[in-house]
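Structural description and commentary
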Amino acid sequence: MDENMKSVILNRINRTAAALKKNNMEFHYAESKVEVLTIISNLLKTGDVVATGGSVTLQECGVIDLLRSDKYKYLDRTAIDQDKLEQLYRASFNADAYICSANAVTENGELYNVDGTGNRVAAICYGPKSVIIVVGYNKIVTDLDEAVNRVKTTAAPANVQRLTCASYCYEKGSCLSEKKGLSSLTSGCDSDSRICCDYLITAHQREKNRIKVIIVGEKLGY
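Starting from 1, residues in each chain are numbered consecutively following that chain's sequence as written. The predicted nature of this model means local features are confined to residues of pLDDT at least 70 and side-chain atom pairs, given and counted, to a pLDDT of 80 or more, with totals for whole chains, interfaces and linings taken over all residues. Think of the side-chain values as coming from all heavy atoms in the structure, minus any hydrogens and water.

Turning next to the sheet that holds strand E9 (residues 198–202). Read across the sheet, four strands follow the order E8-E5-E6-E9 without closing on themselves; strand pairing throughout is mixed. Unpaired on one side and paired on the other, strand E8 (140–141) and E9 mark the two borders of the sheet. At least two bridges found by DSSP between two strands are what make those strands a pair. Every helix listed is a DSSP run of H or I at least four residues long, and every strand listed is a run of E at least two residues long, numbered separately from the N terminus. Across five bridges, strand E6 (residues 111–115) lies against E9 in antiparallel orientation. Note on E9: the bridge partner recorded for Asp 115 is Asp 198. Along the sheet, helix H7 (residues 144–163) contacts strand E5 (104–106), E6, E8 and E9; its crossing angle with E6, the most-contacted strand, is approximately 30°. In this description, contact between two residues means that some pair of their heavy atoms is separated by no more than 4.5 Å. Whenever a helix is involved, its axis is fitted only over the stretch in contact; in every case the axis is a line through C-alpha atoms, and angles between N-to-C directions fall within 0 to 180 degrees.

Dropping the structure here:
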């Protein structure tokens with residue numbers, strides 16, 4: 001990366017880090033995705049029960065492979081039928097740690113997440129003893145308005161392709177709200193395959209450092 005651009009990005013990360021800490025969230029910086037594994041290993045203990053949300057970022061960083069080692073009791077959500085998946089979602093609330101990404105992180109120290117099923121946003125809110133959020137610097141936004149726009153224009157259209165969900169943005173590549181000129185947080189299509197159903201804004205936390213945010217100096221995920 002060009003050093004001048006790197007300086008700009010680091011300034012933005014530092015502003016966001018200060019705001020996250022002010023909101024009682026623990027902050028970690030990883031210069032590259034390789035460093036994410038070391039940070040996560042230090043945040044977990046041998047034998048911990050660990051659950052994860054669906055995440056391209058975690059795949060790109062090698063987190064899933066790390067959790068599949070004998071060191072942890074990983075609640076693996078891949079290749080299981082729907083009934084067992086629902087049981088796993090519920091078991092995640094009793095996990096020692098829950099690891100996922102975020103759809104956006106604001107420079108005001110807020111996390112913004114949108115789910116189709118709600119299992120991820122529910123676990124972030126309550127249940128697991130520790131929540132670890134991994135995000136690339138590309139997910140940092142100025143404020144919540146930009147976070148909402150990021151989901152509608154970037155995250156949701158890419159994720160419906162990944163998940164093969166027959167929603168409007170799967171067919172058109174953008175949210176229906178853009179076509180209709182609607183800017184509200186929940187505006188969008190009426191598809192039963194819609195992945196924008198449950199919305200979570202995480203701000204100042206009562207329980208200090210339960211939520212840990214790892215910001216990576218690379219572009220990751222959607």
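If you trace the six strands from one edge of the open sheet to the other, you get E1-E10-E7-E4-E2-E3, paired in parallel fashion. Strand pairing shows two members of the sheet lacking a second neighbour, strand E1 (26–30) and strand E3 (73–75), which therefore form its edges. On average, each strand axis in the sheet is inclined to that of its neighbour by 20°, with strand direction left out of account. In terms of strand pairing, E1 meets strand E10 (residues 211–216) through five bridges, oriented parallel. Counterpart to Ala 30 in the pairing with E10 is Val 216. Here helix H2 (residues 33–43) sits on the sheet in contact with E1, strand E4 (97–100), strand E7 (130–136) and E10, set at roughly 145° to E1.

Further remarks concern helix H1 (residues 3–22). It helps to recall that an α-helix has 3.6 residues per turn; residues three or four apart then point in one direction. Taking 1.5 Å as the rise per residue, H1 with 20 residues should run 28 Å; its terminal C-alpha atoms sit 28 Å apart, in good agreement. Only protein chains enter the accessibility calculation, which uses a 1.4 Å probe; a residue is then buried when its area is under 20% of its type maximum, exposed when over 50%, and partly exposed in between. When we look at burial in H1, the residues that qualify are Ile 9, Ile 13, Thr 16, Ala 17, Ala 19 and Leu 20. Buried residues along H1 cover an arc of 165° about the axis, so they all sit on one side. Opposite the buried face of H1, by more than 90 degrees, sit the exposed residues Glu 3, Asn 4, Val 8 and Lys 22. Expected helix span is taken as 1.5 Å per residue step, with the number of steps being one fewer than the number of residues. Starting at the helix axis, one direction is taken to each C-beta atom, and the arc is that of these directions.

Locating Leu 43 in the fold gives a position in helix H2. Owing to a relative accessible area of 22%, Leu 43 belongs among the partly exposed residues under this scheme. Distance in space between the C-alpha atoms of Leu 43 and Cys 125 is 19 Å, their sequence separation being 82 residues.

Time to look at unusual backbone geometry. Of note, Asn 24 is a non-glycine position whose phi angle comes to about 65°, a positive value. Assignment of secondary structure puts Asn 24 in the loop between H1 and E1. Residue Asn 24 is classed as buried on the basis of its relative accessible area, which comes to 17%. Residue Asn 209 is not a glycine yet carries a positive backbone phi of 70°. Locating Asn 209 in the fold gives a position in the loop between E9 and E10. A relative accessible area of 28% places Asn 209 in the partly exposed class.

Looking now at H2. Of all the positions in H2, only Val 36, Ile 39 and Ile 40 are classed as buried. Viewed end-on, H2 has its buried residues packed into an arc of 95°, placing them on one side of the element. In H2, the exposed positions angled more than 90 degrees off the buried face are occupied by Val 34 and Asn 42. Those residues of H2 hidden inside the fold are in contact with E1, helix H3 (56–61), helix H4 (63–67), E4, E7 and E10.

Turning our attention to a nonpolar patch on the surface. Two joining distances apply to patches: 9 Å for like charges and 5 Å for nonpolar side chains (Val, Leu, Ile, Met, Phe, Trp, Tyr), and every residue must have over 30% relative accessible area and no salt bridge. Accessible surface area values rest on a Shrake-Rupley calculation with a 1.4 Å probe, where residue burial reflects the displayed protein chains alone. Basic side-chain nitrogens of Lys or Arg form a salt bridge, by our definition, when they fall within 4 Å of a carboxyl oxygen of Asp or Glu. A cluster of nonpolar side chains, contributed by Met 1, Met 5 and Val 8, occupies part of the molecular surface with about 310 Å² of accessible area. Mapped onto the secondary structure, Met 1 falls in the segment before H1. Note on Met 1: relative accessible area 54%, which makes it exposed.

Leu 20, Leu 111, Ile 133, Ile 211, Val 213 and Ile 215 are the most contacted members of the largest nonpolar core, which totals 25 residues. Within the residue set of this core, elements represented by two or more residues are H1, E4, helix H6 (119–125), E7 and E10. Top contributing element to this core by residue count: H1, with four residues. Contact partners of Leu 111, with chain neighbours within four places excluded, come to Leu 20, Met 25, Ala 104, Val 105, Ile 133, Leu 200, Ile 201, Thr 202, Ile 211 and Val 213. Working definition of a nonpolar core: buried Ala, Val, Leu, Ile, Met, Phe, Trp, Tyr and Cys residues. They are joined through side-chain atoms within 4.5 Å. One finds Ala 30, Val 50, Tyr 72 and Leu 220 within the second-largest nonpolar core, a separate group that totals 21 residues.

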